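What the coordinates show
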Amino acid sequence: MTGTCTHLGTVHHREDGTGVDACPACIAMGSHWSHLRRCTECGQIGCCDNSPNRHATAHYRATKHPIIRSVEPGEEWYWCYVDELAFELADRAH
Ligand SMILES: [Zn+2]
Ligand SMILES: [Zn+2]
Ligand SMILES: [Zn+2]
């Protein structure tokens, strides 16, 4: 079956990018980043695969937290590393 992510139960953090302007891991190492992503399981901010350090993907590899979302302004897409699937969620489910 394609087109379905089976990991939505891990999504605990749907917050947008309000107040998010840095990748903490890049700050710690004095590096820079391109775009920012949030781990939806634990809420950690990481940087995208166009960034030199790819902290969002590194976080997935280290923790197996499957889903990130973009916290760039106006972007609401999610990405599941396990299913390699991009999708959007309704902002208010109830
Ligand atoms: Zn999934
Ligand atoms: Zn980073
Ligand atoms: Zn996480």
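Right above here is the structure, for reference.
Residues numbered from 1 in each chain as written. Chains lettered and ligands numbered in written order. Predicted model: local features only at pLDDT ≥ 70, side-chain atom pairs only at ≥ 80, totals over all residues. Heavy atoms only, no water.

**Points about helix H2 (residues 55–63)**
- Within the span of H2, buried status applies to His55, Ala56, Thr57, His59 and Tyr60.
- Tucked inside the fold, the buried residues of H2 contact helix H1 (24–29), strand S1 (36–39) and strand S2 (45–47).
- With its phi angle positive at about 65 degrees, Lys64 sits one or two positions after the end of H2. (Buried < 20%, exposed > 50% of the residue type's maximum accessible area, 1.4 Å probe, protein only. Helix = DSSP H or I, 4+ residues; strand = E, 2+ residues; numbered from the N terminus. Contact = heavy atoms within 4.5 Å.)

**Quick notes on the coordination of the zinc ion (ligand 2)**
- On the protein side, the zinc ion (ligand 2) has Cys23 (SG), Cys26 (SG), Cys47 (SG) and His55 (ND1) as donor atoms, found 2.0 to 2.3 Å from it.
- All donors of the zinc ion (ligand 2) come from a single chain, and their spacing in sequence reads C-x2-C-x20-C-x7-H. Remark: His55 occurs in helix H2 and Cys23 occurs in the segment before H1; sequence separation between them is 32 residues.
- Using a relative accessible area of 0% as the deciding quantity, one classes Cys23 as buried. (Donors = N, O, S within 2.8 Å, 3.2 Å for Na, K, Ca; no water.)

**Description of the coordination of the zinc ion (ligand 3)**
- Around the zinc ion (ligand 3), the protein supplies Cys39 (SG), Cys42 (SG), His59 (NE2) and His65 (ND1) as donor atoms, at distances of 2.0 to 2.3 Å.
- Here the zinc ion (ligand 3) binds 4 donor atoms, and the angle range of 102 to 113 degrees at the metal identifies the geometry as tetrahedral.
- Sequence spacing among the residues donating to the zinc ion (ligand 3) works out to C-x2-C-x16-H-x5-H.
- Its relative accessible area of 2% is what places Cys39 among the buried residues. (Tetrahedral: all angles 85-135°; square planar, octahedral: opposite > 155°, others 65-115°.)

**Some points on the pairing of strand S4 (residues 77–80)**
- Alternating positions in S4 separate cleanly, Tyr78 and Cys80 being buried on one face and Trp77 and Trp79 remaining unburied on the opposite face.
- For strand S3 (residues 67–70) and S4, the ladder comprises 3 bridges, and the chain directions are antiparallel. Bridge assignment links Arg69 to a residue of S4, and that residue is Tyr78.
- Counting the residues between successive antiparallel strands, the hairpin from S3 to S4 contains 6 residues, one of them, Gly74, with a positive phi of roughly 80 degrees.
- Relative to strand S5 (residues 85–88), S4 is paired through 4 bridges, and the arrangement is antiparallel. Bridge assignment links Tyr78 to a residue of S5, and that residue is Phe87. (Pairing = 2+ DSSP bridges.)

**Let's talk about the pairing of S5**
- Of the two faces of S5, the one lined by Leu85 and Phe87 is fully buried and the one lined by Ala86 and Glu88 carries no buried residue.
- With antiparallel pairing between neighbouring strands as the criterion, S4 and S5 make up a hairpin whose turn holds 4 residues, including Glu84 at a positive phi of roughly 50 degrees.

**Considerations on the nonpolar core**
- Ranked by size, the top nonpolar core spans 8 residues in total: Cys5, Val11, Ile67, Tyr78, Cys80, Leu85, Phe87 and Leu89.
- Of all the elements in the fold, those that place two or more residues in this core are S4 and S5.
- Once residues lying within four places of it in the same chain are set aside, the contact partners of Val11 are Thr40, Ile67, Tyr78 and Leu89.
- Ranked by size, the runner-up nonpolar core spans 6 residues in total, among them Cys23, Cys26, Ile45 and Val71. (Core = buried A, V, L, I, M, F, W, Y, C linked by side-chain atoms within 4.5 Å.)

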